[in-house]
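Fold and contact review
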Amino acid sequence: MVPDNDIIRAVAEAIEGFRLVVVASGAGTSKESGVPTFRDALEGLWADFDPEELATPQAFQRNPDLVWSWYMERYRKVQSVKPNPGHYAIASLEELYPQVTVLTQNVDGLHAVAGSTDVVELHGSIRRFKCFAACRGEPTRVDIAQLEVTEEKAPLCPYCATAKVRPDVVWFGELLPVAALERARALSEKCDVFVVVGTSGVVEPAASLPRIARAHGITVIEINPEETLVSRYADFCLRGPSGEMLPRLIQALRALRQGDHAERAI
Ligand code: BJW
C-alpha cells in the first residue's frame, strides 16, 4: 500500500531540525532510471547466469571474456541512462541539511550525476577499470578509451601486458575500499538520521551499517516497495518506489520549513 501524506509528514516531522543525514542507497534507487537491480532476474543472453556467480574474482579468472562482456553491456547501459527523481531528491537534501553523505553500494555513478557532492562508493565504480593483477599497485587504473576494446574480449593491461583489465568494482570475497568503509562506519555511528533506500540488505558489510546506526539510537528510515531485513528494526518504512517517495518527502520537508518561516513572520 502506498503511504498517504500523513505518514510522509510524520517522517518529515521526525527528521526536521536534524543536521547530519546519511543516505545508504542500493540498486533499487536506480531502477526507475532503467538500471536493473542486482537481484532482478537476468534477461536475454544472460538469462542462464546467476549474477552472484559472475561478480567474483574466481569467475573472472575462469572465464574473463564472459565476465567482461556482462560488465561491458552494463557499462554501456549506465552511460546511456539518467538519474531519476529519487537521485535528484537525495541531491536536494543538501539544500535542507548542513551535511548529507550518500553511502552507496551502486556502481553506476548516478548520485554524482544528479548533483550529490559527498558520495562514498562502497562497491567501486563500473565506469572505471583496473589491472586484474594490480601490476603497479592497488588499484592500477586503466583508461579503456586509450585501448582498442571490444565487447567480447577482456583486453590485456597496457602496463604489464600479462593480466587482463577488469572493472574497478568490489566482487564477492574482496575487501571494500578501506577508507570508504571506515568513513561509512564512523558516519553510521554519529549521524542524526540514517535513510536506507532500495537495497535488499543482504550483502555485508554494507548491510551492517543501518544496524550500527540503530544500535546507536539513530532514527532509521527505509524506503523500498518490498519488505526487507531492514524493515524489522527501521523506525519508519515508506513502502513505494524511491523515485516517488523521496520527492514527496522533500516536498513535506519544504512545507514544514515554509510553515516555520510563516509562523516566525507573524
Ligand atoms: C526498489 C525499487 C524502487 C526495487 N525504489 N527500491 C557475513 C555473513 C555472510 C557473508 C558475508 C559476511 N561478510 C562478508 C560476507 C560475504 C559477502 C556477502 O555479503 N555475501 C552475502 C550474499 C551473504 N560479502 C563480501 O564478499 C564483501 N567483501 C567482504 O566482506 O570482504 C571480507 C570478507 C570476505 C569473505 C568472507 C568474509 C569477509 C564484498 C561484497 C561486494 C558486493 N559486490 C556486488 C557487485 C558489485 C559489482 C556489480 O554491480 O556487478 O555489489 S554484489 C551486489 O549486491 C552489488 C550490490 O551493490 C550488492 C547489494 O545489492 P542491492 O543494492 O541490495 O540490490 P538488490 O538487487 O539485492 O536489491 C534491490 C532492492 O531494491 C530490493 O530490496 C527491491 O525491493 C528494491 N527496489 N525497485 C526503491 N523503484
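The structure reproduced in this document is the subject of the present report. As the structure is a computational prediction, the values presented were derived from the model and not from experiment.

Here we look at the pairing of strand 8 (residues 219–223)
When you tally the buried positions in strand 8, you get five out of five residues, the bulk of the element. Covered by surrounding structure in strand 8 are Thr219, Ile221 and Ile223 together with Val220 and Glu222, the residues of both alternating faces. Relative to strand 8, strand 7 (residues 193–197) runs parallel, the two sharing five bridges. Bridge assignment links Val195 to a residue of strand 8, and that residue is Ile221. With helix 8 (residues 208–215) bridging strand 7 and its parallel neighbour strand 8, the resulting β-α-β unit is right-handed. Alignment of strand 8 against strand 9 (residues 236–238), held across three bridges, turns out to be parallel. What sits directly across from Ile223, in strand 9, is Leu238.

Description of the pattern of salt bridges
Summed over the entire model, instances satisfying the criterion amount to 18 salt bridges. With a closest N to O distance of 2.8 Å, Glu151 and Arg76 form a salt bridge. Of this pair, Glu151 sits in the loop between strand 5 (141–142) and strand 6 (165–169) while Arg76 sits in helix 4 (residues 64–80), and the two are 75 residues apart along the sequence. A relative accessible area of 30% places Glu151 in the partly exposed class.

Some remarks on the site of the ligand
By nearness alone, 34 residues border the ligand, and Tyr71, Arg74, Glu174, Thr199 and Ser200 come closest of all. In the model, an oxygen atom of the ligand is placed 2.7 Å from a nitrogen or oxygen of the Glu204 main chain. One nitrogen or oxygen atom from the main chain of Ser242 is found 3.0 Å from a nitrogen atom belonging to the ligand.

Overview of the packing of helix 7 (residues 178–190) against helix 8
In the contact formed by helix 7 and helix 8, the axes pass within 7 Å of each other and the chain directions differ by 30°. In terms of orientation, helix 7 lies roughly parallel with respect to helix 8. Viewed along their axes, helix 7 and helix 8 form a crossing whose handedness is right-handed. From helix 7, Ala184, Arg185, Ser188 and Glu189 reach across to helix 8, where they touch Leu209, Ile212 and Ala213. Grouping the amino acids of the contact of helix 7 with helix 8 by side-chain chemistry returns four nonpolar, one polar and two charged.

Describing the pairing of strand 6
Among the five residues that make up strand 6, five are buried, leaving the element largely enclosed by the rest of the structure. As paired strands, strand 4 (residues 124–131) and strand 6 are joined by five bridges and run antiparallel to one another. Note that in strand 6 the partner of Phe129 across the bridge is Pro167.

Looking at helix 5 (residues 85–92)
The element helix 5 is extensively covered by neighbouring structure, given that six of its eight residues are classed as buried. For helix 5, every residue scored as buried is listed here: Gly86, His87, Ala89, Ile90, Ala91 and Ser92. Backbone nitrogen of Gly86 and a side-chain oxygen of the N-cap are separated by 2.7 Å at the start of helix 5; the cap is Asn84.

Brief notes about the sheet that holds strand 4
A sheet is described by the order of its strands in space; here three strands give the open sequence 5-4-6, paired in antiparallel fashion. With partners counted over all chains shown, the strands left at the sheet margins are strand 5 and strand 6, one partner each. Strands in contact with helix 4 are strand 4 and strand 6; relative to strand 4, the strand with the most contacts, it is inclined by about 135°.

Some thoughts on the nonpolar core
Judged by nonpolar contacts, the single largest core of 25 residues is most densely connected at Leu93, Tyr97, Ile223 and Leu253. Element by element, the count of residues in this core is highest for helix 9 (residues 242–265), at six residues. For Leu93, the contacting residues outside a window of four places in its chain are Val21, Val23, Val100, Ile250 and Leu253. One finds Leu54, Phe129, Ala154 and Cys157 within the second-largest nonpolar core, a separate group that totals 24 residues.

Looking at the layout of surface pockets
Each pocket or cavity is described by its volume, and for the second largest pocket that value is around 350 Å³. Together, 20 residues line the second largest pocket, and Lys130, Glu138, Asp168, Val170 and Leu175 are the ones closest to its centre. Elements represented by at least two residues in the lining of the second largest pocket include exactly strand 4 and strand 6. Residue contributions to the lining of the second largest pocket peak at four residues, all from strand 4.

Cut-offs and rules
- Residues numbered from 1 in each chain as written.
- Predicted model: local features only at pLDDT ≥ 70, side-chain atom pairs only at ≥ 80, totals over all residues.
- Heavy atoms only, no water.
- Buried < 20%, exposed > 50% of the residue type's maximum accessible area, 1.4 Å probe, protein only.
- Helix = DSSP H or I, 4+ residues; strand = E, 2+ residues; numbered from the N terminus.
- Pairing = 2+ DSSP bridges.
- Right-handed = clockwise from strand over helix to strand, strands pointing away.
- Salt bridge = Lys/Arg side-chain N within 4 Å of Asp/Glu carboxyl O.
- Near = heavy atom within 4 Å.
- Polar contact = N/O pair within 3.5 Å; in protein donor to acceptor, adjacent residues only side chain to side chain.
- Axes fitted to C-alpha atoms, helices over the stretch in contact; angles between N-to-C directions.
- Parallel < 35°, antiparallel > 145°, perpendicular 65-115°, else oblique.
- Left-handed = near helix turned anticlockwise from the far one by under 90°.
- Contact = heavy atoms within 4.5 Å.
- Nonpolar A, V, L, I, M, F, W, Y, C, P; charged D, E, K, R; others polar.
- Core = buried A, V, L, I, M, F, W, Y, C linked by side-chain atoms within 4.5 Å.
- 1 Å grid on protein atoms, 1.4 Å probe; cavity = no way out; pocket = protein on both sides within 12 Å on 5 of 7 lines; lining within 4 Å.
- Points joined across faces, edges and corners; volume = space filled by probe spheres on them.

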